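Now for the letters of each chain:
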Amino acid sequence: MLTEPYKIKVVEPIKRTTREERYEVIRRAGYNLFNVPSEDILIDLLTDSGTSAMSDSQWAGLMMGDEAYAGSRSYFRFEQSVRSIFGYKNIIPTHQGRVAENLLFSVAVKPGYVVPNNIHFDTTRANVEHNRGVALDCVIKEAYDTRCRLPFKGNMDTEKLRRALAEHRGKVPFVMMTITNNSGGGQPVSLENIRATRAVCDEFGLQLIFDACRFAENCWFIKEREAGCNAKSVSEIAREIFAMGDGCTMSAKKDGLVNIGGFLALNDDKLAEECTNLLILVEGFPTYGGLAGRDLEAMARGFQEVLDEDYLTFRIHQVRDLGQRLLDEDVPIVEPVGGHAVYLDARRFLPQIPQREFPGQVLACALYLEAGIRSVEIGSLMFGRTENGKEIYPELELVRLAVPRRVYTTTHIRYVAESVIEVFRNKDRLSGLRLVHSAPVLRHFTARLEPLAG
Ligand code: F0G
């Protein structure tokens, strides 16, 4: 049996609430879990980003932070730690991943340019579009089938990529690849697929840039699943991957095991210089990039810790165990289970609720009411939009249970599984929601809803 490869030194109390209290909380929050104070939540699975528990070494590192404005000791330790894994020449710290994206796309994306990726994460897409570029998804088609069990369902469709590059020749600044593919269920990409993608980039003389947020989890899957990789260490696999690219954007809030931080790494000196000039304008001097010295110190240690294979094995199995418990009771989820989250398939879970009545949001609210668990809807509330007076709904209607790193115990995870199963048993009692307030963009953050019935 796998046990947590760490023990608890500091505890943070979490509060139990009654169903009546939760009913009042969710009503006041307009049936939107983003509006619920975290105090009223027992288990928070809203995101795995910035929610990790730091180690004793990272906390000790905070005291060692060098807060010099320029040339901080902590920066050099951070740079050395990043280079030992990613290998790139220029390493630019930022306070989170989307700033790295913003710097890169502001410099490299001109109006009408096209940026291919397996699937762009929301902030990546938004930053491309903000620069009036087109964010193009080229993932294999199986990624959209929630029941298709492929080992590397995050893979790029290299033929689709090649066609896109031929069609948009001269308008593609670089190719991106997201490891693991968050928007497709946290699914990994294989080494073989990265190699094939690299070959396509070479045909067109283009750089390959990774969105590396969950790189360690992706490497672990390669070690587990890819022929000939079992004998390699996760660190070796990471170095092999990044050697095939020309740079990366990184949110250290995921596989950096910190609460804030990120970076942009590039081999291309000219591109790096232009991004650095912008960094100075919006984030700060190049040796701190919007962070305190202590944050750089915590990241330097986090990147090494995340490659610990006992940690990764436990991490991936904890998420997988949650998924398996649900599958054992026929709860519909995205298969296979990815690295950082279990995604409930709300369309199959609540077939009686049409997309216009937000089945994903109904399910997320029901789980909160049942057990004080916060998840996030990734469906018609998040991605639905009105075009020429007509509502357009996304293909997938999901609820993500993202598991923070090193935070919850096996008992917590079992509680989550039991609670989801309980909601599933009583699913016929659930009914739809309707929107009563919504903002013109990113409406899911501030929307207010109310139940259609009682
Ligand atoms: N790329 C991917 C694949 C991500 O999942 C995220 C963040 C980012 C980039 C942006 O990083 O938040 O540090 O600016 N994902 C979080 C999530 C927010 O909940 O999945 P950031």
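Preceding block: the structure.
None of these values were measured; they are calculated from a predicted model.

### Re the sheet that holds strand 6 (residues 208–211)
- With respect to topology, five strands assemble into an open sheet ordered 2-8-7-6-5, the strand pairing being mixed. Here the strands that pair on one side only, and so sit at the sheet edges, are strand 2 (90–94) and strand 5 (175–178). Each strand of the sheet is rotated relative to its neighbour by a mean of 15 degrees, with strand direction disregarded.
- The sheet contacts of helix 10 (residues 269–282) involve strand 2 and strand 8 (262–266), and relative to strand 2 the element is tilted by about 25 degrees.

### So, helix 6 (residues 158–167)
- All of the buried residues in helix 6 are Leu161, Ala164 and Leu165. All buried residues of helix 6 project into a common sector of 100 degrees when viewed along the axis, lining one side. Opposite its buried face, helix 6 presents the exposed residues Arg163 and Glu167, each directed more than 90 degrees away.
- Looking at the buried residues of helix 6, the elements they touch are strand 3 (114–117), strand 4 (134–137), strand 5 and helix 7 (191–203).
- Where helix 6 begins, one side-chain oxygen reaches toward the backbone nitrogen of glutamate 159, 3.2 Å away; that side chain belongs to aspartate 157.

### Here's the deal with the sheet that holds strand 14 (residues 398–402)
- An order of 9-14-11 is seen for the three strands of this open sheet, with the pairing classed as antiparallel. Edge positions in the open sheet fall to strand 9 (341–345) and strand 11 (376–378), since each of these has one partner strand only. If you compare each strand with its neighbour and ignore which way they point, the axes differ by 30 degrees on average.
- Packed onto the sheet, helix 12 (residues 309–328) meets strand 9 and strand 14 and runs at close to 25 degrees relative to strand 9.
- Contacts from helix 14 (residues 359–371) reach strand 9, strand 11 and strand 14 within the one sheet, and its direction differs from that of strand 14 by about 40 degrees.

### Some points on the packing of aromatic side chains
- For the structure on display, the rule yields 18 aromatic pairs.
- With a centroid separation of 4.5 Å and an interplanar angle of 40 degrees, the aromatic rings of phenylalanine 86 and phenylalanine 242 are classed as tilted. Residue phenylalanine 86 is located in helix 3 (residues 73–86), and its partner phenylalanine 242 is located in helix 9 (residues 234–243); the two are separated by 156 residues in the primary sequence.
- Here phenylalanine 86 falls in the buried class, since its relative accessible area comes to 3%.
- Exposure remark for phenylalanine 242: the relative accessible area of 1% places this residue in the buried category.
- When the ring of phenylalanine 86 is compared with that of phenylalanine 303, the centres are 6.0 Å apart and the planes differ by 80 degrees; the resulting orientation is edge-to-face. Of the two residues, phenylalanine 86 is situated in helix 3 and phenylalanine 303 in helix 11 (residues 293–305); the sequence distance between them amounts to 217 residues.
- The ring of phenylalanine 424 carries lysine 427 above its face, with NZ or CZ at 4.7 Å from the centroid.

### A word on helix 10
- Between the first and last C-alpha of helix 10 there are 20 Å, a value that for 14 residues agrees with the 20 Å anticipated at 1.5 Å per step.
- Within helix 10, the full set of buried residues consists of Leu271, Ala272, Cys275, Thr276 and Leu279. The buried side chains of helix 10 occupy one side of the element, clustering within an arc of 135 degrees when seen end-on. Set apart from the buried face of helix 10 by more than 90 degrees, the exposed residues are Lys270, Glu273 and Leu281.
- One side-chain oxygen at the N-terminal end of helix 10 lies 3.0 Å from the backbone nitrogen of lysine 270; it belongs to aspartate 268.
- Looking one or two places after helix 10, you find glycine 284, whose phi comes out positive at around 150 degrees.

Rules of the game
Residues numbered from 1 in each chain as written. Predicted model: local features only at pLDDT ≥ 70, side-chain atom pairs only at ≥ 80, totals over all residues. Heavy atoms only, no water. Pairing = 2+ DSSP bridges. Helix = DSSP H or I, 4+ residues; strand = E, 2+ residues; numbered from the N terminus. Axes fitted to C-alpha atoms, helices over the stretch in contact; angles between N-to-C directions. Contact = heavy atoms within 4.5 Å. Buried < 20%, exposed > 50% of the residue type's maximum accessible area, 1.4 Å probe, protein only. Arc of directions from axis to C-beta. Polar contact = N/O pair within 3.5 Å; in protein donor to acceptor, adjacent residues only side chain to side chain. Phe/Tyr/Trp six-rings, centres within 6.5 Å; stacked < 30°, edge-to-face > 60°. Lys NZ or Arg CZ within 6 Å of the ring centre and 35° of its normal. Expected span 1.5 Å × (residues − 1).

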